[in-house]
Each structure stands twice: as C-alpha cells, then as structure tokens.
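# Observations on the model geometry
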Amino acid sequence: MTQLILFNVMNGLIIGAFYALMAIGLSLIMSLSDVINFAHGGFLAVGAYLAYSLAPYIGFWGGLLVAPVLTAILGLIVEKFLISRVYGRDPLYSLLLTFGLAFIFEDGTRYIWGAQSLPYQVPGWLMSPLSSSFFFLTGYRMLMIVLIVAVVAGLFVIMTRTRLGLRIRAGTLDLETVSILGVNVRILRNLNFGIGIYLAGLAGVLAAGQLGLQPTIGDSLIMPSFIAIIIGGLGSLTGTLLGGLLIGVAQGITTVFFPSASEAVMYVMMALVLLVRPQGLLGEEGRF
Amino acid sequence: MSGYALVAEGLHTYYGKSHILHGISLKVGEGKITTILGRNGAGKSTTLRSLVGLTPAREGKITVFGTETTKLPPYAIAEMGVGFVPEGRKIFANLTVEENLKVPVDRPGKWTIQTVYELFPRLQERRNNKGRQLSGGEQEMLSIARALLLNPKILILDEPSQGLAPLIVREVFRIITQMRAEGMSVLLVEQNVRMSLEVADWVYVLNDGEIAYSGTAADLQADEALLQSLAGVSAEKWEI
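What this report covers is the structure whose coordinates are included nearby. (Residues numbered from 1 in each chain as written. Chains lettered and ligands numbered in written order. Predicted model: local features only at pLDDT ≥ 70, side-chain atom pairs only at ≥ 80, totals over all residues. Heavy atoms only, no water.)

This brings us to the packing of helix H8 (residues 219-232) of chain A against helix H9 (residues 237-257) of chain A. Residue and element names in this part refer to chain A. Following both chains from N to C, one finds H8 and H9 inclined at 125 degrees, their axes separated by 7 Å at the closest point. Considered as vectors, H8 and H9 are oriented oblique to each other. As for the relative orientation of H8 and H9, their crossing is right-handed in sense. The segment H8 lies against H9, with Pro-224, Ile-227, Ala-228, Ile-229, Ile-231 and Gly-232 engaging Gly-239, Thr-240, Gly-243, Gly-244 and Ile-247. Residue classes in the contact of H8 with H9 are distributed as 6 nonpolar, 5 polar and no charged. (Axes fitted to C-alpha atoms, helices over the stretch in contact; angles between N-to-C directions. Helix = DSSP H or I, 4+ residues; strand = E, 2+ residues; numbered from the N terminus. Parallel < 35°, antiparallel > 145°, perpendicular 65-115°, else oblique. Left-handed = near helix turned anticlockwise from the far one by under 90°. Contact = heavy atoms within 4.5 Å. Nonpolar A, V, L, I, M, F, W, Y, C, P; charged D, E, K, R; others polar.)

In structure tokens, the structure reads:
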C-alpha cells in the first residue's frame, strides 16, 4: 500500500512539474502582455515533435537541448508578427488569435508527423528502475525532476538577478512607467514571450519521453496549468510552481483512493482556494 | 535665452473621442525651469503625457533639441534624454529600491546608482526595502532618482509635491533648482503655485486645454490681480 501511494505521489509530482512548467510560461505571458495564450499546448507539441525529428541527427541529448530553443525562436516570431498586433485591444482578439493558433499547431503537427501516436526513444539505461523495490523510480523520471528544478531555479535567477528579469517584473506591475524609463517594451514583451515558450518546448520534449507523441499532447496539460495559476496566485512564480505540484500530487493520491475523482479534484481545489483566498495561495503578498 | 530644449506646436490630444488639448504650444528654455499651472482637469497632465509619448498628440509637432519626436514611442523619447517623473510617482512596489533603480536604461552621464544615493542618502539606507514600504517622500525621491539615472537633458515632473509634508516639498524644490544649476532643463506641472513661481523662470497657465497665459514667473508673481484673475478662471480655488 505504501508503495502504491508512493508510486502515485511520484507520478503526481512529475505530472505536476509539467503543469508548473506550462503554468509559469502562461503566467509570465499573461502578466506582462495581458494575453491568455491558448496556443501554449500547441507550442509544447511543436517542441516534442522537433525533438523527435532532430533525434536521429543529434541524438536524445541534442534534441533535449536544441528543440526547446527552436520552439522559443518560433515563439519570438509568432509574438512579433501576430500576437503583438492585438496588444492593447479587447481581450477577445487575443483569445481568438491564440485559439486559432492552437488549431493551426495541432493540425500542422498532424499534417507533418501524422495523426497516429509515435514512440519517442529515450536512451535505454535511463528507462531502467534505479532499484527493484522502487520500480517506478527510473533514471528518466529523475532526469525530468532534476531538469525541471534546474530550469525553474535558473528562471528565478533571471527574474531576481538580471535587469531583464527586473524589467519584466516591473512591467507586470506598470509597463507604461517601464517605457518612460527608456526600456523598449516591444522587445521586453517579445523576450518574455520567448522565455514562456521555451518552458513549453522543454515540457514538450520531456513529456514526449514520458507520454509518447501525439498532436494533442498539450491538450491534457493546458487546463490544469490554468488552474495551477489560479491556485498559486497570478503574478507569483513561486505560487504557480506550488500550484502545479499541488494539483499533480492531489491527482496522484486521489487515483489511489477514488480513481474516478482524479480529474475532478483540481476543480474542487480551485473552488476551495477561490472561496477562502481568492487572490491565490501566494497572490498579492507573494507577488514578486 | 540661449535656446529651447523642447518645443511643442499646436498639440491636439484626445482620450478616445474626448478632445482634451486644443492646440497647446509651449517652449521649454534650455537650462531654465518652465512651469505649467492650472486647476484640476485643465489638461496639465495630458500635456506632459503627450510630450513624453504616452498619450500621443493627434495633431501638432513636438521637437526635442531640434529632433522631431511627435510620433516616437515613449522609450525612444526617453532615450533622447527626456526624464519623466509621473504623477503619483509610479514606483514599482514589488521591487526593492535598488531594483527600481536598475530598471532605467543606461545613458552616459554623471548620474549612476552611486551618485543618486549621494543625492538622496535616505534611499541608500532603504535600498533593500520594497517600494511599497516607502513613505510618500521617499517614493518621490525614488521616482526622481529613477528619472535622473537616464541622465536626462530635460526633466519633466508631474505634481511632485502632491501629498507631501511641507518640509519634503521644500526638499523637492531644492533638488529641482539644483538640477537647473547643473544645466538641466526642467518642465514642472504643479498645484503649489507659490512655490513653483518662486523657482520658475517661465510660466504657462492652462485652462480647458488651452494656454490662458504665458509670461515670466516674476511678472505673474508681481501682479497679484492678474494672478487672482487667472486663478478665478477656474471654478476651483488654487492653493495660492
């Protein structure tokens, strides 16, 4: 029983880390650009398929390194030529635009790579369990956790130690004032979008090794990511991270005791948070 | 007067469909303090927002040291050496004092984080405090310090004395005259008529989006009747 619970908590942590990666990117974009990026799951799928296509040439590790960067570059281009055009307009415009983009990404990947699920090759030694009693602890799962922790820590450093990060944080509060201080806010929003999409691309590559490849790979992750933002508190990076992990673990535990509720549990959590602390667990005060 | 740092001609500015500025023309003398007076809603803040590019004028022309800036975005105007201290200070409450000072872009000049700390020692003491923990006076100093880090040739301030204790107001005006002494051109919007006439070289009075008076500060200060009649243009009373 203990092992079963541990197994599901571990599963929950990993899926929660995916939610968190997605949610942090969504939250960065939402805070600075006031755009709810429904195409985020589409970018995740692009990252996954790019890694798949690159792997024969540059190997698994090369794909892991390069695919998220290429996805981020695609993000920079999409922001510059499409998304930046709807800034400052009614939110309906950006909703429609990113919703349309999500469809384009999904059908685009289906057209290029096919509708059927593809296997994504992870080096064999990463797939074997670390010990026989904890069969669910594979090297790949450890790798995912280490990578996600490292990337989130790196993001924290960027946000608190670099001028780019300071300007993004200042801009989430008051972009107008950032612009009168001489900061090119078009470039700032562009780079911020790129950072968010990088995280989505990385989540995609890692998810491909865990869940396999299909054009709708991002769909199951996007709703929990929005909920992670609401639970953690919009604008708080730490809160969003916490929100993602909480949802994942809650899902894992619910799977053990009440499997049919594992989908519903995050909505219950969201409802509770909205009732008790509408600004989210680390909203406002935790705003960073 | 040697020349003009900033010249605006015939500005017409709108918020949506409401026409706020009706052909504002003004000049900011190089190395001088120019002040804009007027009651609430006269268009003072809108004039400044048009000059710095936040609410671009629909008609008219703005030049900064001879270069036209009418259609430029705010950050490009700032890059040319226009520092702006906005109404309500607008400091970043979620950042520390020191982080606030790292937001502006670097333009070469005497003002660095170190030299603004020398100008405002209080900010250095509070360098690790978040913006939201500062008093109104400290916020005003931070807002001025932040604008100075651009090493501006023109400093534009929107009601810097608003809501501050008299002692702090004196300090703010002392800084403004010090900037003029260092050769900076200053454009000041104020409700505090007495204080601004004391430091200003040239004064404009705005009423309903138009220039109602333009002259030297000394002339206006000397002519109590004129001052009263200009104040009487407004329904609200000035703080004279």
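Attention now moves to the sheet that holds strand E3 (residues 33-37) of chain B. Residue and element names in this part refer to chain B. Read from one edge of the open sheet, 6 strands run E6-E7-E8-E3-E9-E10, paired in mixed fashion. With partners counted over all chains shown, the strands left at the sheet margins are strand E6 (82-85) and strand E10 (210-216), one partner each. Across the sheet, the mean angle from the axis of one strand to that of its neighbour is 15 degrees, orientation sign disregarded. Pairing analysis gives 4 bridges linking E3 to strand E8 (residues 185-189), with the strands arranged parallel. Within the sheet, the bridge partner assigned to Ile-36 lies in E8 and is Val-189. The sheet strands contacting helix H7 (residues 166-181) are E3, strand E7 (154-158) and E8, and the helix crosses E8 at an angle near 150 degrees. (Pairing = 2+ DSSP bridges.)

What follows is about the sheet that holds strand E5 (residues 67-68) of chain B. Residue and element names in this part refer to chain B. Pairing in this open sheet of 4 strands is antiparallel, and the strands run E2-E1-E4-E5 from one edge to the other. Each end of this open sheet is capped by a strand with a single partner; those strands are strand E2 (18-29) and E5. The sheet contact formed by strand E1 (residues 4-15) and E2 spans 9 bridges and is antiparallel. For Tyr-15, the partnering residue across the bridge sits in E2 and is Ser-18.

It is worth spelling out the pattern of salt bridges at this point. Under the counting rule described, the total for this entry stands at 15 salt bridges over all chains. Arg-169 of chain A serves as the salt-bridge partner of Glu-99 of chain B, at 3.5 Å between the closest nitrogen and oxygen. You can see Glu-99 of chain B sitting in helix H3 (residues 97-101) and its partner Arg-169 of chain A sitting in helix H6 (residues 163-180), one on each of two chains. Each member of the pair, Glu-99 of chain B as well as Arg-169 of chain A, carries the same accessibility label: buried. (Salt bridge = Lys/Arg side-chain N within 4 Å of Asp/Glu carboxyl O. Buried < 20%, exposed > 50% of the residue type's maximum accessible area, 1.4 Å probe, protein only.)

On their own, these measurements won't tell you what the molecule is for.
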